[in-house]
Amino acid sequence: MIDRLPQAPHGATDTTGASVPARRYALVRALVAEIPAGRVASYGQIAAMLPGLTARQVGYALSGRRDPVPHALPWHRVVNARGAVSPHAGAADQRRRLEAEGIAFDRRDRLDWSRHRWAGPGHVWFIARGLAPDR
DNA sequence: CTGAAGGCCATCG
DNA sequence: ACGATGGCCTTCA
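Not measured: the values here are computed from a predicted model.

K.L.:
Lay out the overall build of chain A with the relevant residues and their values.
P.N.:
Counting secondary structure elements, chain A contains six helices and four strands. Split into buried and exposed, the 135 residues of chain A put 42% on the buried side. Excluding contacts between residues fewer than 6 apart, the proportion of contacts in chain A whose partners are at least 24 apart in sequence is 67%. In the form shown here, chain A has an accessible surface area of approximately 7800 Å², with 53% of it arising from carbon and sulfur atoms.

Right, here's the structure in full:
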């Protein structure tokens, strides 16, 4: 069955009316920071919640960064659309962390979206960030 | 299943 | 300060 992306503030713009320019990576991190332990989101899901972002960019946003405080950001709670940990330098660590949070992977290395998918923050989060759900 | 395209910007020297 | 560099996806054929 596979998941559906949560309905996001589709087509959101910031409160000034302009489409959100280049604070995007920061927004990605801020959003990812909201994911609670035991829940996961896909790159595409995160992207769908922010205006003008693509899944790949979300991956970019979570990569180039050098963590002053390692793992201060729960980046490990973002996986690919298949529900699997994408191959990258910290993949093994990522999977280990997810399993430590009670997330299991099947034989095809995929987790169960129906059990762990994060629904996203409430719209208040977006408002607080200067983002407005479509209207 | 394989492959190819799309096309950003924070970080670092 | 500035240019080069790197890098965790998704969808469609």
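So much for the structure itself; the text now carries on.
K.L.:
Summarise the protein's contact with DNA strand C; cite the residues concerned and give the values.
P.N.:
Near DNA strand C you find 16 residues, and of these Tyr-43, Ala-55, Leu-62, Asn-80 and Ala-81 are the closest. Taken together, the sugar and phosphate atoms account for 60% of what DNA strand C places within 4 Å of the protein. Contacts to DNA strand C include Leu-62, whose backbone N or O atom sits 2.8 Å from a base nitrogen. Mapped onto the surface near DNA strand C, the elements with two or more residues apiece are helix 2 (43–49) and helix 3 (55–61). By residue number, the principal contributor to the surface near DNA strand C is helix 3, which donates four residues. When grouped by side-chain class, the residues that make up the surface near DNA strand C number eight nonpolar, seven polar and one charged.

K.L.:
Explain helix 4 (residues 91–100) to me, using residue names and the numbers behind them.
P.N.:
Restricting attention to buried positions, one finds in helix 4 the residues Ala-91, Asp-93, Gln-94 and Leu-98. Viewed along the axis of helix 4, the buried residues span an arc of 160°, placing them on a single side of the element. In helix 4, the exposed positions angled more than 90 degrees off the buried face are occupied by Ala-92, Arg-96 and Ala-100. Downstream of helix 4 by a residue or two, Gly-102 has a phi angle that is positive, lying close to 90°.

Reading guide: rules and limits
Residues numbered from 1 in each chain as written. Chains lettered and ligands numbered in written order. Predicted model: local features only at pLDDT ≥ 70, side-chain atom pairs only at ≥ 80, totals over all residues. Heavy atoms only, no water. Helix = DSSP H or I, 4+ residues; strand = E, 2+ residues; numbered from the N terminus. Buried < 20%, exposed > 50% of the residue type's maximum accessible area, 1.4 Å probe, protein only. Contact = heavy atoms within 4.5 Å. Areas by Shrake-Rupley, 256 points an atom, 1.4 Å probe, with all protein chains shown as cover. Near = heavy atom within 4 Å. Polar contact = N/O pair within 3.5 Å; in protein donor to acceptor, adjacent residues only side chain to side chain. Nonpolar A, V, L, I, M, F, W, Y, C, P; charged D, E, K, R; others polar. Arc of directions from axis to C-beta.

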